[in-house]
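# Architecture at a glance
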Amino acid sequence: MAHLQYVDDLVKEYLLFRGFSQSLKAFENDLKIDKDKGFRVDRLTDQIMSHIQTYDLQGLRDLWNHFDRRLFVRLRPSMQPYVRKLETSVLRLYVVNTLQTNKVDKLHEFFDKMSPELQTSPEWRDWFVLPYLKGAEDNPTFAMYFSRQWQDMLLVSLTNFLAIIFQNLQLPALARHDEESEYIRSLQEECEQLRMRLNTALTATSSSAGVWSMCCLLACWCVLACVV
């Protein structure tokens, strides 16, 4: 998805060329607040971690709801349980971070705001005791979530999951330009290789059948390259 930056630049160049100054200004403003971050997985995971580390619960929820509407809705129904499990893990990391940084007020704020959504969930039943539990990092129920290993594994899982989704997105024609150009170039190279083989065949053999076969094959590939 890194090539989308180039596509964005093309759009800006075109708008500038056409004199669409208001459209250009609106496009640049949209880019500044782009929640998809140009479909850059590293930037998206950084944004998630930033929300967690700055205790921006609302920003974290807004970003995940955006993922739900824009990305996760495209997944097969069988993948939805994994999405929910990943969301639960991200929220748990938020909770653990408030404890590890001694932000008890942010911990209470989390459960105050999220209780209507989480209180009926079996995955969160034990977690409501955390604001009143001493030494949670040593409690068998929660110790795993305070480990660096679990937190690193969560980040890797989130990164890989988003990467797979982006790799399977149906891109618009403009964003597929480089991919299609590369495919055409590869066909043209194959056509040139066949042309060289034909020249070799013409030189090395006088068999009309062999030459005719090579000519037909070359013609087919050249036509294909031109059509595609």
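Our structure is the block above this text.
Heads up: these notes are all about the structure in this document. Remember, predicted model here, so these are calculated numbers, not experimental data. (Residues numbered from 1 in each chain as written. Predicted model: local features only at pLDDT ≥ 70, side-chain atom pairs only at ≥ 80, totals over all residues. Heavy atoms only, no water.)

A few words now on the nonpolar core. Ile48, Phe67, Phe72, Val95, Phe110, Trp124 and Trp127 are the most contacted members of the largest nonpolar core, which totals 39 residues. At eight residues, helix α5 (residues 80–100) tops the list of elements feeding residues into this core. In this structure, Trp127 is in contact with Arg92, Val95, Val96, Phe111, Phe142 and Tyr145, ignoring residues within four places of it in sequence. (Core = buried A, V, L, I, M, F, W, Y, C linked by side-chain atoms within 4.5 Å. Buried < 20%, exposed > 50% of the residue type's maximum accessible area, 1.4 Å probe, protein only. Helix = DSSP H or I, 4+ residues; strand = E, 2+ residues; numbered from the N terminus. Contact = heavy atoms within 4.5 Å.)

Along the polypeptide, Val11 turns up in helix α1 (residues 4–18). The class for Val11 is partly exposed, based on a relative accessible area of 24%. C-alpha separation for the pair Val11 and Phe27, spaced 16 residues apart in sequence, amounts to 8.8 Å.

Evaluated as defined, the whole model comprises two cavities of 30 Å³ or more. Together, Ile48, Met49, Ile52, Val90, Leu93, Gln151, Leu154, Leu155 and Leu158 line the largest cavity. Put simply, the parts of the chain that give the lining of the largest cavity at least two residues each are α3 (41–53), α5 and α7 (148–167). Considering each element in turn, the lining of the largest cavity owes the most residues, four residues, to α7. (1 Å grid on protein atoms, 1.4 Å probe; cavity = no way out; pocket = protein on both sides within 12 Å on 5 of 7 lines; lining within 4 Å. Points joined across faces, edges and corners; volume = space filled by probe spheres on them.)

A word on the pattern of salt bridges. Per the stated rule, a full pass over the model turns up six salt bridges. With its nearest N and O atoms 3.0 Å apart, the salt bridge here joins Arg61 to Glu117. With Arg61 in helix α4 (residues 57–70) and Glu117 in helix α6 (residues 104–118), this residue pair connects regions lying 56 residues apart in the sequence. The buried category is assigned to Arg61, whose relative accessible area is 9%. When the shortest N-O distance is used, the salt bridge between Lys113 and Glu109 registers 3.7 Å. Of this pair, Lys113 and Glu109 are both found in helix α6, four residues apart, which corresponds to roughly one turn of the helix. Judged by relative accessible area, Glu109 falls into the partly exposed class, the value being 23%. What you see here is one network of salt bridges that share partners, running through Arg61, Asp68, Arg84, Glu87 and Glu117. (Salt bridge = Lys/Arg side-chain N within 4 Å of Asp/Glu carboxyl O.)

Turning to the packing of aromatic side chains, a few remarks are in order. Tallying each qualifying case throughout the model produces 13 aromatic pairs. A centroid spacing of 5.4 Å and a plane angle of 55° characterise the contact between Trp64 and Phe72, whose relative ring orientation is tilted. The exposure classification of Trp64 matches that of Phe72, with both residues buried. Seen in terms of ring centroids, Phe72 and Phe161 are 5.9 Å apart; in terms of plane orientation they differ by 35°. Their pairing is tilted. Of this pair, Phe72 sits in the loop between α4 and α5 while Phe161 sits in helix α7, placing them 89 residues apart in sequence. One exposure class covers both Phe72 and Phe161, and it is buried. Taken together, the ring pairs connect Tyr94, Phe110, Phe111, Trp124, Trp127, Phe128, Phe142, Tyr145 and Trp150 into an aromatic cluster. Lying over the aromatic face of Trp124, Arg92 brings its terminal NZ or CZ to 5.5 Å of the ring centre. (Phe/Tyr/Trp six-rings, centres within 6.5 Å; stacked < 30°, edge-to-face > 60°. Lys NZ or Arg CZ within 6 Å of the ring centre and 35° of its normal.)

As far as function goes, none of this settles anything; it's purely spatial.
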